[in-house]
Amino acid sequence: MARKASLEQRRDALGARIAAAQARLKAHESGQEDSIGTMLAGFNDELDHIVHEDHDVATQRMNRIEARLKAEEIRIEDDLEDEEG
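Residues numbered from 1 in each chain as written. Predicted model: local features only at pLDDT ≥ 70, side-chain atom pairs only at ≥ 80, totals over all residues. Heavy atoms only, no water.

A. A look at the overall build of the protein. Looking only at helices and strands, the protein features three helices and zero strands. When the helices and strands of the protein are read in sequence order from the N terminus, they spell out α-α-α. Across the 85 residues in the protein, those meeting the buried criterion constitute 25%. Taking all contacts inside the protein whose residues are at least 6 apart in sequence as the whole, residues at least 24 apart take part in 71%. Put simply, the protein shows about 5,400 Å² of open surface, and 50% of that area lies on carbon and sulfur atoms. (Helix = DSSP H or I, 4+ residues; strand = E, 2+ residues; numbered from the N terminus. Buried < 20%, exposed > 50% of the residue type's maximum accessible area, 1.4 Å probe, protein only. Contact = heavy atoms within 4.5 Å. Areas by Shrake-Rupley, 256 points an atom, 1.4 Å probe, with all protein chains shown as cover.)

B. Spatial organisation of the confidence of the model for the protein. Of the residues in the protein, 81% have a pLDDT of 70 or more, and the chain-wide mean is 77. The least confident element of the protein is helix α2 (residues 33-50), whose mean pLDDT is 73; the most confident is helix α3 (residues 55-84), at 84. (pLDDT = per-residue confidence, 0-100.)

Next up, the structure:
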């Protein structure tokens, strides 16, 4: 039971990070907004499916989402810094 709770907590935390990245993106529009916004929405879709998977499969998928999300968070921050200049 603790493993499932842990997965759900991790999923919720990832969802919050995705929402935060989407909010930052809306606050600072750029030419890349559509592609990043689409990617973030895709991350949310992937998270929605994770709760129905085996623990090990869910963990692997969350690891991949976290890595891709981290890369996008860095890219968004870099874009914002470039704009602020």
